[in-house]
Structures are given as C-alpha cells and as structure tokens.
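For reference, the chains in residue letters:
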Amino acid sequence: MRAWIFFLLCLAGKALAAPQEALPDETEVIEDPTTEEPVGANPVQVEVGEFEEPTEDVEEIVAENPCQNHHCKHGKVCEVDDNNSPMCVCQDPSSCPATAGVFEKVCGTDNKTYDSSCHFFATKCTLEGTKKGHKLHLDYIGPCKFIPACLDTELTEFPLRMRDWLKNVLITLYERDEDNNLLTEKQKLKVSPLHHISLLTRSPRPLPWQVKKIHENEKRLEAGDHTVELLARDFEKNYNMYIFPVHWQFGQLDQHPIDGYLSHTELAPLRAPLIPMEHCTTRFFEACDLDNDKYIALEEWASCFGIKER
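Residues numbered from 1 in each chain as written. Predicted model: local features only at pLDDT ≥ 70, side-chain atom pairs only at ≥ 80, totals over all residues. Heavy atoms only, no water.

### A few points about the pairing of strand β4 (residues 86-90)
For the record, the criterion: Strand pairing is assigned whenever DSSP detects at least two bridges linking the two strands. Helix numbers and strand numbers start at the N terminus; a helix is a DSSP run of H or I with at least 4 residues, a strand a run of E with at least 2.
Of the pairings in the sheet, the one linking strand β3 (residues 76-80) to β4 comprises five bridges and is antiparallel in character. Within β4, the residue paired with Lys76 across the bridge is Cys90.

Spelled out as structure tokens, the structure:
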C-alpha cells in the first residue's frame, strides 16, 4: 500500500510540475537549443569587449528553424523536407538515449522487453498502418515477467483497495500542499461545488475544497493495511467520502482529448506502474469496459468502483 501511495505521488508530482516525459502518444515540442556567449573568467566577470569603442550595430539574421515549434507525437521526431517545411517522421530506435538501469525498461503487449519507453514508441511508430502496430501498446513499467492470473475473488477485492488508495493519495497531496504553502487558505476555500465538473478535467492538482472536507472528517479511515472486510464496511458507512477521489482520478487521466472517455493510451499512466504490483490490474480495467468498445466512459469507470450515477 505504501508503494502505491509513493508511486502516485510521483505521478502527481509530474502533474504539479512540468512533465519530464510525454505520456504515451502525447505530443512533444522539439526545441532548438541555443548556447550562451561565454563570460570572461576574470574576477569581476567582465565580458570580452566591454570597454571597446562602440561600433555600428549590424543585425544578424538567423534563419528560424521550422521544427522549433512543430509538435510530433511520442515516437516521432521533426525533420525538414525539401521545401523547408517541418514534418514528423519515425524516430530511429538507435537514436534513443542509452538507458542507465533496469527500471527504465518497459514491457510491451507483445511480451517483449524494450530498453526504454523511447525505444518502445520508436519501434511502434515503424509499425504504423500494420495490424501488429495497431495492437501493440505499452503494457507496464519494468522488464516483462510472469504475471499470475487474477482470480474472481481477487478481482472483487481490487476496487476496495483502489478506492482507499485514491482517497489516501489525495489526503497526502493535500497535506503536502499545506506544508509547502502551494495555496493560501483563502484559495483552498475558494473552489465551490458548482465548479467541480469543469475544474475536474482541467486542474493538474487535487481540488482542495473537496479534499479539505475529507481530510477534516473524523470518521475517515486512516491509511493502513486494512482487511477487505473493513474496507467494505467503511465504503458503505462513508460512501460520500469516496466519490470525489474516484472522479478525480478519471479527470486526471482524461486529457488527450478531454471527452469523457479513457483510451488505452490515457489509461497507461495509471495501469502501467500498477501491473507489476497488482496482478488484477489488467483484468479489472478490461471489465470496466462494459460495452467492449475499447474505451472506458465516466459512467463505466464510476460503476467499476461502486459509485452510483447521480
């Protein structure tokens, strides 16, 4: 359980700060790096030529790189064609940065271990338009390994732990927000229920108004390794306390595009790290897709976690 909370904190950290790596199929910005003019090495850091006689300024014309602000999805890079127009082409897997450790490896749905997510998406790009490429997805973080089958009884227990985990992650984030003064007390009380739905899919951080209410509730079950029986009883007694965490997680994932549906790609940031730790993850999310259309609607997501329609 502690490993779960630690991991989602890392994910939330990415949301609170700028992402260090694009999500699967998320677009990337190809920037044209520039170098600064070196400063003199003398003690007072006087730049070379500072005391020379002034000369007429000559404006240097620098050709703009067409790829500078051109966006390419993960697995592709920008190149310029013969007409000096930017275009996205598949990245050569051999051009991916060298990996430093086993934790950078990822496992594809083809049960093949790739050196990094860069290598995976570059390979997937080369298979575009093929049946194999259409079925290939990033399965989970880490090298491929044996994942035991999920039993029916285990599948029933999974949402109990997941709900409790989401609630505790939000509480931890809220407490960390107070420690770092990321929001003033006035800002924390400013979010009203009327803005809940619109802000749910836009805010990169938990909405303090709802989380504050959960945090101060004396009936809240503290984080811990609880039995499934206790988790089930607490959900029945404190049902309203679990609604927002479940909806919040959906909103965090529903980003590309924001349409009320989760694709396999949008679900990846949550399921990919969980699979090695929770072997029922894949079966659970497959069961959430009630109409088997390869997308999980908000209603299907809520139903999976036992949240009733309102």
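Moving on from the model shown.
### Brief notes about the packing of helix α10 (residues 264-274) against helix α11 (residues 281-288)
Just so we agree on the cut-off: To obtain each axis, a line is fitted to C-alpha atoms, and for helices this fit is confined to the stretch in contact; angles are then taken between N-to-C directions over 0 to 180 degrees. Working rule for contacts: check all heavy atoms of both residues, and any pair within 4.5 Å makes them a contact. Under the convention adopted here, Pro, Cys and the residues Ala, Val, Leu, Ile, Met, Phe, Trp and Tyr are nonpolar, Asp, Glu, Lys and Arg are charged, and Gly plus all remaining residues are polar.
At their nearest, the axes of α10 and α11 sit 9 Å apart, and the two run at 150° to each other. Residue-level contacts link Leu267, Leu270, Arg271 and Leu274 of α10 to Thr281, Thr282 and Phe285 of α11. Split by residue class, the contact of α10 with α11 holds four nonpolar, two polar and one charged.

### Considering the confidence of the model for the protein
Low pLDDT marks stretches whose predicted atomic positions should not be read closely. To keep things clear, this is the line we draw: pLDDT expresses how confident the predictor is about each individual residue, on a scale running from 0 to 100.
Averaged over all residues, the pLDDT of the protein is 77; the fraction at 70 or higher stands at 69%. In this model, residues 180-184 is a region of pLDDT below 50 whose contacts with residues beyond four sequence positions or in other chains number seven contacts. Here residues 186-206 scores under 50 on pLDDT; set against residues more than four positions off or in separate chains, the count is 39 contacts.

### Topic: the environment of Pro66
Relative to the elements of secondary structure, Pro66 occurs in the loop between β1 (27-29) and β2 (71-73). The sequence separation of Pro66 and Asp81 amounts to 15 residues, and the corresponding C-alpha distance is 10.0 Å. Beyond its immediate sequence surroundings of up to four residues, Pro66 is in contact with Val80, Asn84 and Pro86.

### Brief notes about the state of the cysteines
Where we set the bar: For this text, the term disulfide refers to a pair of cysteine sulfurs within 2.5 Å. Throughout, exposure labels follow a simple rule: accessible area from a 1.4 Å probe, protein chains only, divided by the maximum for the residue type, with under 20% read as buried, over 50% as exposed, and the rest as partly exposed.
All chains considered together, the criterion is met by seven disulfides. The side chain of Cys67 participates in a disulfide bridge whose partner is Cys78; the two sulfur atoms lie 2.1 Å from each other. Judged by the sign of its S-S torsion, about -80°, the cystine formed by Cys67 and Cys78 is left-handed. Here Cys78 lies in strand β3 and Cys67 lies in the loop between β1 and β2, a separation of eleven residues in the sequence. Cys78 shares its class with Cys67; the two are buried.

### Focus on unusual backbone geometry
Cis geometry marks the peptide bond from His256 to Pro257; its omega dihedral reads 0°. Among the secondary structure elements, Pro257 is positioned in the loop between α9 (240-253) and β8 (261-262). Phi at Asn84 is positive, roughly 60°, even though this residue is not glycine. Along the chain, Asn84 falls in the loop between β3 and β4. Positive phi, normally seen in glycine, also occurs at Asn111, with a value near 60°. With respect to the secondary-structure elements, Asn111 resides in the loop between β5 (106-108) and β6 (113-114).

### Here we look at the sheet that holds β5
Spatial strand order, β6-β5-β7: three strands in an open sheet with antiparallel pairing. A single partner strand is all that each edge strand has here, and the edge strands are β6 and β7 (138-141). Bridging between β5 and β7 involves three bridges; their strand directions are antiparallel. Pairing of Gly108 across the sheet is with Leu138, part of β7.

### So, the nonpolar core
As a reminder of what qualifies: We call a set of buried Ala, Val, Leu, Ile, Met, Phe, Trp, Tyr and Cys residues a nonpolar core when their side-chain atoms join them within 4.5 Å.
Counting residues in each nonpolar core, the largest one holds 36 residues, and the members touching the most others are Met162, Leu270, Phe284, Phe285, Trp301 and Phe305. For this core, the leading source of residues is helix α4 (residues 152-180), giving ten residues. Leave out the neighbours within four places in its chain, and Leu270 touches Met162, Trp165, Gln249, Leu253, Phe285 and Trp301. Counting residues in hydrophobic clusters, the runner-up holds seven residues, among them Val106, Tyr114, Phe121 and Leu138.

### Overview of the side chain of Lys76
For Lys76, the position within the fold is in strand β3. Judged by relative accessible area, which is 17%, Lys76 ranks as buried.

### Focus: the packing of aromatic side chains
Keep this limit in mind: Under the pairing criterion, centres of Phe, Tyr and Trp rings, with the six-membered ring standing for Trp, must be within 6.5 Å; the plane angle then separates stacked pairs below 30 degrees from edge-to-face pairs above 60, leaving the rest tilted. Note on geometry: a ring has a charge over it if NZ (lysine) or CZ (arginine) is within 6 Å of the ring centre and within 35 degrees of the ring normal.
Scanning the entire structure with this criterion turns up ten aromatic pairs. Between Phe235 and Tyr242 the ring centres are 5.5 Å apart and the planes differ by 70°, which places this aromatic pair in the edge-to-face class. Residue classification places Phe235 among the buried positions, given a relative accessible area of 14%. Between Phe285 and Trp301 the ring centres are 5.9 Å apart and the planes differ by 10°, which places this aromatic pair in the stacked class. Here Phe285 is found in helix α11, whereas its partner Trp301 is found in helix α12 (residues 298-304), with 16 residues between them in sequence. The pair formed by Phe285 and Trp301 is uniform in burial state, with each residue classed as buried. In this structure an aromatic cluster arises from ring pairing among Phe158, Phe250, Phe284, Phe285, Trp301 and Phe305. The ring of Phe235 has Arg163 sitting right over it, with the charged end atom 3.4 Å from the ring centre.

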